[in-house]
Each structure stands twice: as structure tokens, then as C-alpha cells.
Protein chains: 2
Amino acid sequence: MAKRIGSSTIQCSNPISIREAAGVAGQKESQGPLGSCFDKTYQDDLLGRETWEQAESALQSAAVSLMLEKAALQPDDIDVILAGDLLNQCISSTFGLKDLHIPFLGQYGACSTMAQTIAVSSLLTDSGAVNRAAAVTSSHFCSAERQFRLPLAYGGQRTPSAQWTVTGAGAALLDRSGCGPFVREITIGRINDLHITDANNMGAAMAPAAADTLLRFFGDTGESPAHFDLILTGDLGKVGSALLLELLQREGLEISAMHRDCGLMIFDPERQDVHAGGSGCGCSGSVFCSHIVRQLKQQQLHNILFIATGALMSPTSSQQGESIPGIAHLLHITSS
Amino acid sequence: MAKRIGSSTIQCSNPISIREAAGVAGQKESQGPLGSCFDKTYQDDLLGRETWEQAESALQSAAVSLMLEKAALQPDDIDVILAGDLLNQCISSTFGLKDLHIPFLGQYGACSTMAQTIAVSSLLTDSGAVNRAAAVTSSHFCSAERQFRLPLAYGGQRTPSAQWTVTGAGAALLDRSGCGPFVREITIGRINDLHITDANNMGAAMAPAAADTLLRFFGDTGESPAHFDLILTGDLGKVGSALLLELLQREGLEISAMHRDCGLMIFDPERQDVHAGGSGCGCSGSVFCSHIVRQLKQQQLHNILFIATGALMSPTSSQQGESIPGIAHLLHITSS
């Protein structure tokens, strides 16, 4: 049985293996600091498809294929696949994964989806409900931009706090019996609403959720930040990362030495004109499933926290004047 | 540990109690055959709010409040809440549940959401990851109609195969230690795509998924339809129900004697002009969480299968000419 620690952290009864993972990304990401770390990159952001939405589905499908290839497994060997994305009704996941014929549980956590799908996959694997589960997510700059903001051809100006949606996908294979890295503990996020309403400042909307989840994890486990060689957030970007550090400092927690953010790692702020950094489910999805899992496998990282954050809004809710609630799910992962 | 039966059915290690549940609905539903069965109905479909989206959120929040009241519990007594809906980025769930401050896992299964959220909640409860979980969903005729079809004021003609989105919500409390009814087995759905493209014929798009899941459940468990006093589908409606019976008959399975469909139960086809029946996450959500759970608690039903079906499409995917893939998740539930 999984064990509850403190008020809301869950410890797996046995560490769950992230047996393999794969991250794929688009052209702009291939030119960034992590360009050589992805399992595959595409210079054609349409991936030869007819629509941006089909291209995003193709990213998910490619990430899963690469993950299966690395693990030398077939789709039939996976008992359940958990996936979600930013598009309305999560169509990237449906159309990207439908031909695999694997039992499917659609997840919606906005940009927290990579952590959410790994969390639920780990718990289902730990429980015996499944032996192996796949956790998948994606985003695409072009499909997100026209859905959430403006038509690409409009060429709208971006505010300094705006982030750049990553074209990329990640897929991770959770296995009850594989080798490390291992998912050990999980803290499921609560919806935090500090009444931020600026849809061009997602970092500010998500930082309070990341702080809430981290504080609950440290409170529940009695651990301190110094125990970890990396505390990795999803896509808080420049504005949200600074806010997270400030919110935690107010509570007496100092994580600046080991904190990094996928949204700040994936692009070069000097060269790539992405304002506050990268964002989108595919940001932490592609970075975690390629670069981070590889560093864990190679023992360059040993003990990390991965907290992906999501902004739970839609263009409709923003147009109706609603706030932007945030959420953040946390995974404690060790290399062995 | 949960046990896998056959290729893809999961048996909970201990039957998980549906300790309480509550279903709420709108005016049209209150005038239907189940009008007196809901825990609460609203004559004002805006529920005093300013937008249809806020009204839908209020339905979710009302269903959860009633469920908690019946169980004599506070929000703090619930370890995790799983919810989803039809609106873009599942905003009904976010805004309806954010003030509860319960750890939250957004789910996306279109109209299969009630079965999906109960399935995952049951598995998380069974695993020890949580002691109590809430499963929630909703739909609203007015928010769905304008998002998926046409502005209400347009007064478009409906085709005979079209279904009427239910204004309603359901909330169910899964508890490791309560009394019956109990969730015993779960078959997670696979995405089925028979290349249906008519967005006004969701029943046809979803029936193959229901058939696939039922065939896998019967194949895995060796059970036969005659063992069950009810096989309840979510919202296949008239067209989809007939197709499901036909698809199963071809495989030698006869379920017509014990099959019912929430979409056909909730409205009176003679009086209420709903064409092929009710639909939407709130259709099976409100019917299951009020009428069906009550019948199980009162021992009027003993051994049932609940299979909610979903059509995994968006207006964008339909406009781009994509097909409408379907999914169906199954729960085997007993009264004691």
C-alpha cells in the first residue's frame, strides 16, 4: 500500500521506475541551449502534416514511439496511457495516441500535465492496477498561439512578461520492476487563486501554486531544500521563478541554489527573443523526458524535486474577466 | 494490491465504497421522468450567476456540497478531487471546485468523465494513496451549445440524430471504509475510431467504444450479461444504443433485456423534443449520482455495470475534417 505522509504527500509502497523516457522538440528548441539533448528535433514545425494540430499530435506519437523503442517494448506491453495537452478537448492527445489502442485516461492539468501524468501513472503502477503506464504530453507554439492569443499572421507585440509556448512533447514509461530513476513521493497540487487576471503573465499566476505545493511537501516530509541537488519547476519563466523564490523566502525556505526552471533552460534569453522564457505542457515535458531523465540515469543528478505548474484558464474565462488559478504537482525522484 | 483480470480489467483489492453521491440538474431535466430523483434542481438555468460557464461551475460546486452534507464531512476530509467537463480547458471544474482547496487532478474524458473520475478515484483509494476521493463532473446545455455548435439565439434546426446536452452535475465520494454500493472492477476504455465525422451523431461515434469495453470486460471476467440487473450506458441516446445492441449481437452478446441509457432515461421523448436523447458529462453524472446510487443503496439494484462513453472531438478537429474517436470506461458496482 502507498503511504500517506503528513497531510498530503503520498509515498509509493515501492519506488516506481521511470524505465525510459523520450523528449522531442521543434526547430526553435533545437537551436536553444538544450538542442542537442532532445531525443529528436524537427526542422519543419508542421512535421509534414497539414495542420498545426496534426503536427502536435505527431509530436506525442513520436515521443511515445521513441520511448517504446528505447525500452524495446510494443504498445501492447503498456497497460494504460495517461495524456493531456493544452488544446480544447485535449485533441493532440486523442489524435496522437488513438492508433496505439492502449487503454487511455485523458488528463487535464494545463502546463502541469507532465508531472500530473507521471504522478497518476506511478500511483496506478504502484497499486497493482497496471504493470506499466505511459505518461505523455505536448504543446506546439502555433496551435497554442492561435487558440489562446492571436492568429500568427497578425504579428501581435508580446509583453515582457509573456512566455513562448514550446513546440515539443515528452513521454515517460513507469514500470513496477525497472531500474532507476525512481518516483518515490508525490504531492498532488491544490488550485491556488491569487486573482491574477493578466493572461500574458502566467508565471505570476502559477508561482503561488508552486510555493503551496513545495511548502506542503517540505512540511509533510520534514525534508529541507539542501537535501536535493535540483528543484526543477516546469515553466514559471523569469517572472514566476523570481516570485516563487520570494514567496518561499517569506516562509523561511531558500531554494535559489538548487532551483532551475525548464522554461528558462530551453531557450537562450540573449539570442532567442522569448521574453520571460518557454512555457506549455511540452516545455517541462520535453526537458524532463530527455535532458533530466538522462542526467538521472547517468548519475549526474541524484535526488530531485520536479514541480510542473499549470495555469487553469481558457480564453473564455479570461474574456469573461475571471482570474487565472494555478496548480502545481510535485514528484520526488531519485537516480537509484 | 489491485489485481489484473484477463488482459485489461482491474479488480480492486477491496471493494471501494461509494459512500455518498449527489446529482443536481436544471429546469428541463426537472420536468423529465427523473425530475423527482435529483438531489436538487434549479428553475433558473443561470443559477443566479452572470454567465452560463459560471452557472455550470455552480452546478459542480452544489453537487459536491450536497455530497459532503449527506456524508457529514468537510472539504478537508477529502484527500483528492478528480473532475472534468466539456468546456475548453475544463474551466467548469477549475472554477467550480477551486475554493474547496482540495488536492485536484483534472480529468478529460468528454462524456465518459463520470465513469473515468470514479474509476481513477477508486484505484487511488484502493492503493492507499488517499483515504477518500471525490469524483465530479458537469455539463450545461447553454455553455456546451455555444461552444460546440451554434449561438443559442441563432435558433438552428437540430437533426434527428442530435442529442440534447444535459444541464446537470454529479459528485460521488469514494471511501476505503464505507458501506455499499461498492466499486469492484474497472475496465479502462481504449480510443475507438470508426471514422464517424458527423458531429450531430455522437451516439454512432461512441457505440463502438462501448462495445469494445463491454466485450473486453466479459472476455476478461468470464461473466455473462445475465448476471447483471442493469447495464447502464452514459449517453448513447437512441441511435447509439441501437448500434451498441447490434454490435454486441454480432459478437453473440445479448444485453437488450438489462440495458438502459442515461440519455434515454432523463428526458421524455414524447414531451420534451430532445431528438435522440440527452448527452453531456452531466447526463450520466446527474443520473448515476442520484437515481442509480439511491437504487443501489435501497437494494432495488444489486449488480450493475456502468459504462459512460465519450466523444473525443473538438470544434477545431471537426472543422479540420477529423473523425470523432470514442471512448468508454466501465465500472462493475454491487449494492453490498
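Here the structure is shown first, and the text comes after it.
Residues numbered from 1 in each chain as written. Chains lettered and ligands numbered in written order. Predicted model: local features only at pLDDT ≥ 70, side-chain atom pairs only at ≥ 80, totals over all residues. Heavy atoms only, no water.

Things to note about the overall build of chain A
Helices and strands together make up the secondary structure of chain A, namely 10 helices and 14 strands. Relative to the globule expectation of 20 Å for 336 residues, the C-alpha radius of gyration of chain A, 18 Å, shows essentially globular dimensions. With the C-alpha coordinates aligned to their principal axes, the bounding extent of chain A is approximately 55 × 50 × 35 Å. Per-residue burial over chain A gives 68% buried out of 336 residues. Sequence-distant contacts, at least 24 apart, represent 78% of the contacts inside chain A between residues at least 6 apart. When the accessible area of chain A is evaluated, it comes to approximately 10,700 Å², of which 48% is carbon and sulfur surface. (Helix = DSSP H or I, 4+ residues; strand = E, 2+ residues; numbered from the N terminus. Rg over C-alpha atoms; globule rule 2.2 N^0.38 Å. Buried < 20%, exposed > 50% of the residue type's maximum accessible area, 1.4 Å probe, protein only. Contact = heavy atoms within 4.5 Å. Areas by Shrake-Rupley, 256 points an atom, 1.4 Å probe, with all protein chains shown as cover.)

Description of the packing of aromatic side chains
All names here are of chain A. In this structure the tally under the stated criterion is 10 aromatic pairs over all chains. Here Phe141 and Trp164 contribute two aromatic rings whose centre-to-centre distance is 4.0 Å and whose plane-to-plane angle is 5°, an arrangement assigned as stacked. Linking Phe141 in helix 5 (residues 141-148) with Trp164 in strand 7 (residues 164-165), this pair joins segments that are 23 residues apart in sequence. There is no split in this pair, since Phe141 and Trp164 are both buried. Within the aromatic cluster, the residues linked to one another by ring pairs are Phe217, Phe218 and Phe228. Positioned above the aromatic ring of Trp164, the side-chain terminus of Lys28 is 4.1 Å from the ring centre. Sitting above the plane of the Phe267 ring, Lys28 keeps its charged end 6.0 Å from the centroid. (Phe/Tyr/Trp six-rings, centres within 6.5 Å; stacked < 30°, edge-to-face > 60°. Lys NZ or Arg CZ within 6 Å of the ring centre and 35° of its normal.)

Notes on the interface of chain A and chain B
On the chain B side, the residues contacting the 58 residues of chain A number 58 residues. Here chain A meets chain B over a buried area of about 4,800 Å², counting both sides, of which 62% is carbon and sulfur. At the surface where chain A touches chain B, the tally comes to 4 salt bridges. Salt-bridge contacts for Lys98(B) lead to Asp193(A); the nearest nitrogen and oxygen are separated by 2.7 Å. Summed over the shared surface of chain A and chain B, the number is 25 residue pairs in polar contact (both at pLDDT 80 or more). A per-element tally of the side of chain A that touches chain B places helix 4 (residues 113-126) of chain A first, with 5 residues. Of the residues assigned to the side of chain A that touches chain B, the class counts are 27 nonpolar, 20 polar and 11 charged. (Buried area = accessible area lost by both parts, 1.4 Å probe. Salt bridge = Lys/Arg side-chain N within 4 Å of Asp/Glu carboxyl O. Polar contact = N/O pair within 3.5 Å; in protein donor to acceptor, adjacent residues only side chain to side chain. Nonpolar A, V, L, I, M, F, W, Y, C, P; charged D, E, K, R; others polar.)

Details of the nonpolar core
Ranked by internal contacts, the top residues of the largest apolar core, which has 125 residues, are Leu214(A) and Leu214(B). Apart from the residues lying within four places of it in its own chain, the contact partners of Leu214(A) are Ile231(A), Leu244(A), Leu248(A), Ile255(A), Leu305(A), Ile307(A) and Leu330(A). (Core = buried A, V, L, I, M, F, W, Y, C linked by side-chain atoms within 4.5 Å.)

Describing the relation of the copies chain A and chain B
For these two chains of identical sequence, chain A goes onto chain B by a turn of 180° and a shift of 0.0 Å along the axis, with RMSD 0.0 Å. Here the transformation between the copies is reduced to the relation of a two-fold axis. In this assembly, 100% of the residues forming the interface of chain A have copies in chain B that are likewise at the interface, indicating an isologous arrangement. (Least-squares fit on C-alpha atoms with pLDDT ≥ 70 in both.)

With respect to the side chain of His329(A)
Positionally, His329(A) belongs in strand 14 (residues 326-334). At 2.8 Å, the side chain of His329(A) and the backbone nitrogen of Gly189(A) are in polar contact.

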